[in-house]
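# Coordinates in review
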Amino acid sequence: MSIIKKFDLVTPVVVILLLVAFSVAMSMKPGLLFYWIIIFISIGAITISVLKNIVLFKVGTRNISRRKGYSVIVILGLMIGTIIIASSLIVGDTMEKMIVSLNYKVFDEVDEVVNGREADGSMTYLSEESYINLSRVILEIPNVEGVTGEVEETVSIKNEKTSQNEPNYRLVGYNVSSKAFGAFYNDGKEMPFDLAEDEVYMDTDSAKALEAEAGHGLSIITPTGKHFLNISAIVDTEGRTGWAMGRGIYMPLERAQYYLNVSGINIIKVTNEGDVVGGEEHCEGVVKELEKLFVEGGGYDNLEVTRNKAKEVSEGREGMSQFSDMFLVFGSFSIIAGVILIINIFVMLAEERKGEMGISRAVGMKRLHLGRSFLYEGSIYAFISAVIGAAMGILVAYLVILFTESIFSSFGEHVTFSILDNFNFTSLSIIQAFTFGMLITLITVSFASKRVSKLNIVRAIRNIPEPKIPKKSTRMLIFGIATLVVGVGLGVLAIFVLNSYQLASIYVGISFVVLGIGFIIRRYLGDRWGITIASGILLIFWSIPGSIFPFPDIVDDIGGMEFFVLSGIFLVSSGVVLFVYNSSQILGVIVKLWGLTNRPTASLKTATSYPMKNKFRTGMTIYMFALIIFTITVMYMIIGIMSYNIEKTTQEQMGGLDIVGIANPNNPIDNIEMRIEENPSLSLNDFNAVYSITSGYTLLNTSKRDPGTDEYIIVPSSMYGFGNDFSAKNRWTFNIHSSVYETEREVWQAVFADSNLVILDGSFVAADEYGPPNPATQVDAKIGKNITMIGTDGRPINKTVVGILDQFIFSGIFMSENAMEEEFNLTIKGIFLFDLVDGDKGEELAKVIEREFSINAVALKTAVEQFTNIMEQFFNLFTAFMSLGLIVGIAGLGIITLRAVHERRQEIGVMRSIGFKRRHITMSFIQESAFISLAGIIIGVTLGVIIGYAIWYDGFKVLDYDFYIPWSKILVVALIAFVSTAVFTIPPSYSASKVEPADALRYE
Amino acid sequence: MMAIISCTNLHKTYDTGKVKVHALRGLDLSIGKGGMVAVMGPSGCGKTTLLNCLSGLDSVTEGEVYVENMKINDLSDNKKTEHRAMRMGFVFQFYNLLPVLSALENVELPLLVSGVRPKVAREKALKALDLVGLKDWAPHVPAELSGGERQRVTIARALVNNPAIVWADEPTGDLDKKTSNGIMDLMCRLNKENKQTFVIVTHDPGVAARAGRQIRMEDGKIVKDYSNGDDSTD
């Protein structure tokens, strides 16, 4: 009983709750009830404790009302963590809503799509009879409401009125009796299914791109030639046209079959019972039944279920939750900064009340009572800050979404959705943020309270500093050995027991071993050396690029975002500790180098002496600053390295090409150079070279086996056939090529001359887990070895690889156009590559080419720039989000200065009496906070650059990127942080100087 | 003897918002150069307020204060501060040393702030510490010194810029009898040797007895003024 009485139950209850909540939240994604229970238990535990100690509760709460302004600042500092958690979750909610509604919009009434492809990549057509038979079977599947067979092909469409054209839009032939799949709407009004012979519907998005209106004349190019049609009405991109987000024209099936010269259908759409949302729940069962129909030998083995609403909605949700997780990971640095601020605030509160606490202890209050009084006060702060923080999180999330919307809008007219319209927050996210925000604060407060309660009565009353822990303290030795054992244990557990070679576990294990050794050394060499050696080793260890260590061969996971967070914490902790414990020596050197003389010395002396004497508080504050500046610097390093190399990469990827044109197969261009010459809007003089490339699809054997069937996996791949001029003049470079050839040109020419040779794109080399999904990731491609393609008749075609390119934009297999014709019977030149005399004219000429030849023409430089710009904006968004932590740091320093002024009033009086002018006092405080923020900034920037180098070494060097430090950006952030700190610390510093010396001396 | 400090009709009222406290009620006083004057009286009689007003640490509500022929209450804060730094030294009951600085750094601080070169300031500070017998304790921070030693550091800090006037507010208030005597011996010696003026606020009749002149205050007024004629020490 006495043990229970002595034991403060609140702290363990809260710690256990946080651990439970965190692990359950991570693994099971529980519902609202779980969080309500957690809140109920934690508040219940505190309330029971309060009821038993009502006097202590009064002491705690009256301290809140004692200095209202100060309490407001404390709450502001505490709520940052909740804001970050809430806003991250709300961003996730919004993204999820957006992706789900986007999926519903794309699928509309359709729940499953069935189609197939032939070996040459073309769509499989099902005869009328086959379709009718199949649809009968499908309709018998439980929960299937309707089936429709349609024709969908891409055609080149031109608005004859406005001359706008789209070379690859859809021509959809619909079944007029399939109303279960939605109707056509015009401004919400249902339109008839029947259309006159030469009439079509066009969706609003396509109308926008083609500047079309009802009544405009269109021309379409199909395999049967050019046809003229009229737009009957522009219909909303929803309902019947919602499928695949519009992008086309719609006409009855028979008319489409006529224009395309096809018989039968090439796409089967299935709708389940229930509405747009309700149909999704039957998908799993229906897809299972459909797949049974399409097994080999069943007569429909070329068909497969290609789209599945339930699967895509769920994958969308998954993808968007990763977005939210990324915000949480980036925000975790700010949360840590917030936790440190909480510790600092409570340590300061404790120092302020040291005297009265000493007296309280002297008159009979136990340590437990002091801790509880603090805990009750902290609980009130935690509760209020979590409530306000959760609400503020909504605002911050809204700003993030607003910013993201502006990023997406730079995609231009291709974006037909609005993230802002989908802004959404669930009660679960708010309660989750509140719970975690409150628990994190409560735990931090609990530990701070423990520290506070350990005061010596006499030292507290007489304000005597705490003695240093003796060098030969056995406690420290035991602690050192324990840390070492934990470190070894972590490593052993990770490698031998869990059999998980995760880099994070190994690094943390080694770090604990180093820390343990540091604590042990401390016993023999003293504080400074023990800590300097340990933190120095850790600093070097975490700074070295991971790929230099021999781990990667055995390590499963070479480190994701959590590793970045871990490395940030260890690096910055080591850096700050190293600085704080060697600050006197560092300052001594700086002062000597600076040659400081006369007046500034006095204020500078006090400005640096105070923080150095209060190492814990100073270290924590520097840490707050350094951690945030570190993350922002790393972000800028990544953006900087990518932006700096983008031009070089673009050049490498483009190989001197400026425009890529893709023609509709129905609208091939035989001799593009002649067409340019003939066209009055273009001049051949603007072009260095124009290449016509034959393109097609093939199936490629991989070296990986399907775990289910144990057969080799076959993947589709693009292939390109080039002519003599391309082999003679193109400027693409090789990552590697056969040593048989001395020059890269010889490789091209050899492949042109020999149909058995091929060249592969760069993704066959760089394919790793970071790369985009690509067939190359599964193909064992080596110079001099064969790859096996499958011909249209199913026979294997072996080709020898003689080179792998640097570029990977055009992914696939490159061979001579003769080989394409001989082996695959492909002769149509569908891809056009333009090398311009003036690369800056790319955008302008691409528009002309698109307009004049009805082909899709993309200016590569503009596309790359747009991509870089969007990527940069996303990084900026994350940087802005992380800057929330900077606010913690700046506000924290403001609070600390305010507190320092208060704490040192009498000393200010002494300084004033011995000759410090007002400005000396102001300067002394400003210099003090500047010293702290500058130390944090320098440590953060230095370590950020070091980790930036490691990231470059591990991730970018392989891409042949140059290392680059974006100093201007980093310095701007550093300057903003520094100036903001000064701005926040000027008011309290100025108020310090306003204190009358006599008043200050009288102050107790 | 020429007056180094004088005041006429000196009033000081503290306005706390709710009540007004009249700490000084029309004082007239003149202190000769090189003297040692003890100000005595019960708690709350205005001794420290008088010292603060005369030294320029506090503003006056009414009246005039002259220090070395300068009307101190007309000076700007900066001028007053400069004058304090160059011409005055302060000794407080609770030493009021800056805890984060060593004894030597505490002593050199007034010199540095008044623009003396760091090297010169260090030499003078060491000399001042030597004068109070604490040269060997120069690198120690206040927490490592005894009460008497801390007060001697305070005296060294007060004397380091060779001030004309040393203001001491209960300099022995926190010390035992023996240490208190030692501190008074030191101050009397310095007063005699350097001819510096000492104004000492004290409760201790023994300390006051060592001064050449004793002023007794009650309720913000001077009620008795014992002088041996030239304000000098015994």
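Residues numbered from 1 in each chain as written. Chains lettered and ligands numbered in written order. Predicted model: local features only at pLDDT ≥ 70, side-chain atom pairs only at ≥ 80, totals over all residues. Heavy atoms only, no water.

Across its full length, chain A holds 32 helices and 21 strands. Residue burial in chain A is summarised as follows: out of 1004 residues, 53% are buried. The long-range share in chain A, meaning contacts at least 24 apart out of those at least 6 apart in sequence, stands at 80%. (Helix = DSSP H or I, 4+ residues; strand = E, 2+ residues; numbered from the N terminus. Buried < 20%, exposed > 50% of the residue type's maximum accessible area, 1.4 Å probe, protein only. Contact = heavy atoms within 4.5 Å.)

Right, let's get into the sheet that holds strand β8 (residues 197–201) of chain B. Residues and elements named next belong to chain B. Taken in spatial order, the six strands of this open sheet run β6-β7-β8-β3-β9-β10, and their pairing is mixed. Each edge of the open sheet is held by one strand with a lone partner, namely β6 (88–92) and β10 (221–227). Neighbour-to-neighbour, the strand axes of this sheet turn through a mean angle of 15°, independent of strand direction. Relative to β10, strand β9 (residues 213–218) runs antiparallel, the two sharing six bridges. Within the sheet, the bridge partner assigned to E218 lies in β10 and is K221. Strands in contact with helix α2 (residues 77–87) are β6 and β7 (165–169); relative to β6, the strand with the most contacts, it is inclined by about 80°. (Pairing = 2+ DSSP bridges. Axes fitted to C-alpha atoms, helices over the stretch in contact; angles between N-to-C directions.)

Residues and elements named next belong to chain B. Looking at the secondary structure, you find N161 in the loop between α5 (147–159) and β7. Its relative accessible area of 12% is what places N161 among the buried residues. Once you skip the residues sitting within four places of it in the chain, N161 turns out to touch R84, A85, M86, M88 and L111.

A few words on the packing of helix α28 (residues 860–903) of chain A against helix α30 (residues 918–956) of chain A. All names here are of chain A. Relative to each other, α28 and α30 sit at 145°, their axes nearing to 11 Å. Here α28 and α30 pass one another in a crossing that is right-handed. Where α28 abuts α30, its residues L893, T897, A900 and V901 lie against F925, S929, I932 and S933. Its residues assigned to classes, the contact of α28 with α30 comprises five nonpolar, three polar and no charged. (Left-handed = near helix turned anticlockwise from the far one by under 90°. Nonpolar A, V, L, I, M, F, W, Y, C, P; charged D, E, K, R; others polar.)

This paragraph deals with a negative patch on the surface. Residue and element names in this part refer to chain A. A contiguous patch of negative charge on the surface is contributed by E673, E677, E678 and D725. When residues of the negative patch are assigned to their parent elements, the largest contribution, three residues, is made by helix α22 (residues 672–678). Along the chain, the position of E678 falls in helix α22. (Patch = residues over 30% accessible without salt bridge, like charges linked within 9 Å, V, L, I, M, F, W, Y side chains within 5 Å. Areas by Shrake-Rupley, 256 points an atom, 1.4 Å probe, with all protein chains shown as cover. Salt bridge = Lys/Arg side-chain N within 4 Å of Asp/Glu carboxyl O. Lys, Arg positive; Asp, Glu negative; His and termini not counted. Charge placed at Lys NZ, Arg CZ, Asp CG, Glu CD.)

Further remarks concern the pattern of salt bridges. Under the criterion given, the structure shown has 26 salt bridges over all chains. Notably, a salt bridge pairs E152 of chain A with K269 of chain A, separated by 3.6 Å at the nearest N-O pair. Remark: K269 of chain A occurs in strand β10 (residues 267–272) and E152 of chain A occurs in strand β2 (residues 144–159); sequence separation between them is 117 residues. On the accessibility criterion, E152 of chain A (13% relative accessible area) is buried. For K269 of chain A, a relative accessible area of 4% corresponds to the buried category. For the salt bridge of R87 of chain B with E68 of chain B, the shortest nitrogen-to-oxygen distance reads 2.6 Å. Pair noted here: R87 of chain B is in helix α2 and E68 of chain B is in the loop between β4 (62–67) and β5 (70–71), with a separation of 19 residues, a long-range link. A residue is classified by how much of its surface remains accessible, and R87 of chain B, at 31% relative accessible area, is partly exposed. In this structure E68 of chain B comes out as partly exposed when scored by relative accessible area, which is 22%.

The subject of this paragraph is the packing of aromatic side chains. Residue and element names in this part refer to chain A. Evaluation of the coordinates by the stated rule reveals 37 aromatic pairs over all chains. Aromatic side chains Y644 and Y964 sit 4.3 Å apart centroid to centroid with 5° between the ring planes, which places their arrangement in the stacked category. In this pair, Y644 sits in helix α21 (residues 615–654) while Y964 sits in the loop between α30 and α31 (967–994), placing the two residues 320 residues apart along the sequence. Here Y644 falls in the partly exposed class, since its relative accessible area comes to 43%. Among the aromatic residues, those joined into a ring-pair cluster are Y691, Y720, F722, F726, W732, F734, W748, F810 and F814. Note that R528 overlies the ring of W529, its terminal NZ or CZ placed 5.0 Å from the centroid. (Phe/Tyr/Trp six-rings, centres within 6.5 Å; stacked < 30°, edge-to-face > 60°. Lys NZ or Arg CZ within 6 Å of the ring centre and 35° of its normal.)

Listed per partner, the contact involves 29 residues of chain A and 32 residues of chain B. Summed over both sides, the interface of chain A with chain B buries roughly 2700 Å², with 63% coming from carbon and sulfur. Among the residues of chain A in contact with chain B, K605, I914 and K917 of chain A are the three that bury the most area, contributing 22% of the side total. For the pair chain A and chain B, the interface holds three salt bridges. Residue R912 of chain A is joined to D77 of chain B by a salt bridge in which the shortest nitrogen-to-oxygen separation is 2.7 Å. Elements supplying a minimum of two residues to the side of chain A that touches chain B: α20 (600–613), α29 (905–913), α30 and α32 (997–1002) of chain A. Element by element, the count of residues in the side of chain A that touches chain B is highest for α20 of chain A, at seven residues. When its residues are assigned to classes, the side of chain A that touches chain B shows 11 nonpolar, nine polar and nine charged. (Buried area = accessible area lost by both parts, 1.4 Å probe.)

Notably, N825 of chain A is not glycine yet its phi reads approximately 60°, a positive angle. The backbone phi angle of E68 of chain B is positive, close to 50°, even though this residue is not glycine.

All names here are of chain A. Together, I43, F383, I384, V387, I388, M392, L395, Y398, L399 and L402 give the surface a local cluster of nonpolar side chains, amounting to about 790 Å² of exposed area. The element best represented in the nonpolar patch is helix α12 (residues 367–409), accounting for nine residues. Inspection of the secondary structure assignment puts L399 in helix α12.

With that out of the way, let us pick up empty space enclosed by the protein. Residues and elements named next belong to chain A. Taken as a whole and judged by the stated rule, the model has nine cavities of 30 Å³ or more. Computed from the structure, the largest cavity encloses a volume of approximately 70 Å³. Taken together, G77, L78, G81, T82, I85, I335, G338, V339, I342, G437, I440 and T441 form the lining of the largest cavity. Only α5 (68–107), α10 (309–352) and α13 (427–453) provide two or more residues apiece to the lining of the largest cavity. For the lining of the largest cavity, the element with the most residues is α5, which contributes five residues. (1 Å grid on protein atoms, 1.4 Å probe; cavity = no way out; pocket = protein on both sides within 12 Å on 5 of 7 lines; lining within 4 Å. Points joined across faces, edges and corners; volume = space filled by probe spheres on them.)

Among the structural elements, I537 of chain A can be located in helix α17 (residues 527–543). Between the alpha carbons of I537 of chain A and V514 of chain A there is a distance of 7.4 Å; along the sequence they are 23 residues apart.

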